[in-house]
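Each chain is listed here by its residues.
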Amino acid sequence: MNVRPEIQGQLDALAEMLVHWVAQVRHPAQFWPQFEMLAGEILDQCAQAERDQACACIQAMLKEHALELPAWHDSKTRS
């Protein structure tokens with residue numbers, strides 16, 4: 001299933017921000033809290049059926065920049 005256009009737009013905007021963050025952030029401790037907050041806000045808006053697709057998009061954008069979610073992150077447990 002595809003995500004709704006408004007969710008996809010938010011994911012696209014997050015991917016665009018990621019380009020700038022990767023270029024400008026000096027330490028991961030500066031990056032992950034903000035990324036987690038914004039990604040979490042997107043996931044919170046997803047219907048249950050959209051969540052897996054949105055998570056896959058987030059994983060793909062991170063992989064594109066050779067980033068991995070921290071070990072403490074588990075998007076499936078988000079309420």
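To be clear, the structure that these remarks concern was listed above.
What you see is a predicted model; the values in this text were computed from it and never measured.

What counts and how
Residues numbered from 1 in each chain as written. Predicted model: local features only at pLDDT ≥ 70, side-chain atom pairs only at ≥ 80, totals over all residues. Heavy atoms only, no water. Core = buried A, V, L, I, M, F, W, Y, C linked by side-chain atoms within 4.5 Å. Buried < 20%, exposed > 50% of the residue type's maximum accessible area, 1.4 Å probe, protein only. Helix = DSSP H or I, 4+ residues; strand = E, 2+ residues; numbered from the N terminus. Expected span 1.5 Å × (residues − 1). Contact = heavy atoms within 4.5 Å. Phe/Tyr/Trp six-rings, centres within 6.5 Å; stacked < 30°, edge-to-face > 60°. Salt bridge = Lys/Arg side-chain N within 4 Å of Asp/Glu carboxyl O. Axes fitted to C-alpha atoms, helices over the stretch in contact; angles between N-to-C directions. Parallel < 35°, antiparallel > 145°, perpendicular 65-115°, else oblique. Left-handed = near helix turned anticlockwise from the far one by under 90°. Nonpolar A, V, L, I, M, F, W, Y, C, P; charged D, E, K, R; others polar.

Engineer: Please provide a residue-by-residue account of the nonpolar core, values included.
Structural biologist: In terms of nonpolar packing, the biggest core is built from 20 residues, with Leu11, Leu14, Phe35 and Ile58 touching the most fellow members. Taken together, the elements giving at least two residues each to this core come down to α1 (5–24), α2 (28–45) and α3 (48–64). Element by element, the count of residues in this core is highest for α2, at seven residues.

Engineer: How would you summarise α2 if you had to cite specific residues and measurements?
Structural biologist: Compared with an ideal rise of 1.5 Å per residue, which puts 18 residues at 26 Å, α2 spans 26 Å between its outermost C-alpha atoms and is within 8% of the ideal. Its buried side turned inward, α2 meets α1 and α3.

Engineer: Any details on the packing of aromatic side chains? Residues and values, ideally.
Structural biologist: Within the structure shown, the criterion is met by five aromatic pairs. With centroids separated by 5.7 Å and ring planes inclined at 75 degrees, the aromatic side chains of Trp21 and Phe31 adopt a geometry described as edge-to-face. In this pair, Trp21 is assigned in helix α1 and Phe31 in helix α2, connecting sequence segments ten residues apart. Taking the relative accessible area as the measure of exposure, Trp21 reaches 14% and is therefore buried. Relative to Trp32, the ring of Phe31 has its centre 4.6 Å away and its plane inclined at 70 degrees; by these criteria the two rings are edge-to-face. In this pair, the class of Phe31 matches that of Trp32, namely buried. Three or more aromatic residues joined by ring pairs form one cluster here, namely Trp21, Phe31, Trp32 and Phe35.

Engineer: Describe the pattern of salt bridges, listing the residues and the values that go with them.
Structural biologist: Tallying each qualifying case throughout the model produces two salt bridges. One salt bridge connects Glu6 with Arg4, and the closest N-O pair in it is separated by 3.4 Å.

Engineer: Lay out unusual backbone geometry in plain terms, naming residues and giving numbers.
Structural biologist: If a residue is not glycine, its phi is most likely negative; likewise, a peptide bond is most likely trans. The phi torsion at Ala66 lies on the positive side, around 60 degrees, for a residue other than glycine. Relative to the assigned elements, Ala66 resides in the segment after α3. Note on Ala66: relative accessible area 71%, which makes it exposed.

Engineer: Which residues make up the packing of α2 against α3, and what are the values?
Structural biologist: At their nearest, the axes of α2 and α3 sit 9 Å apart, and the two run at 155 degrees to each other. One element, α2, and the other, α3, form an angle in the roughly antiparallel class. The crossing of α2 and α3 is right-handed. Here Phe31, Trp32, Phe35, Ala39, Leu43, Asp44 and Gln45 of α2 lie close against α3, whose contacting residues are Glu50, Arg51, Ala54, Cys55, Ile58, Met61 and Leu62. Looking at side-chain class alone, the contact of α2 with α3 contains ten nonpolar, one polar and three charged residues.

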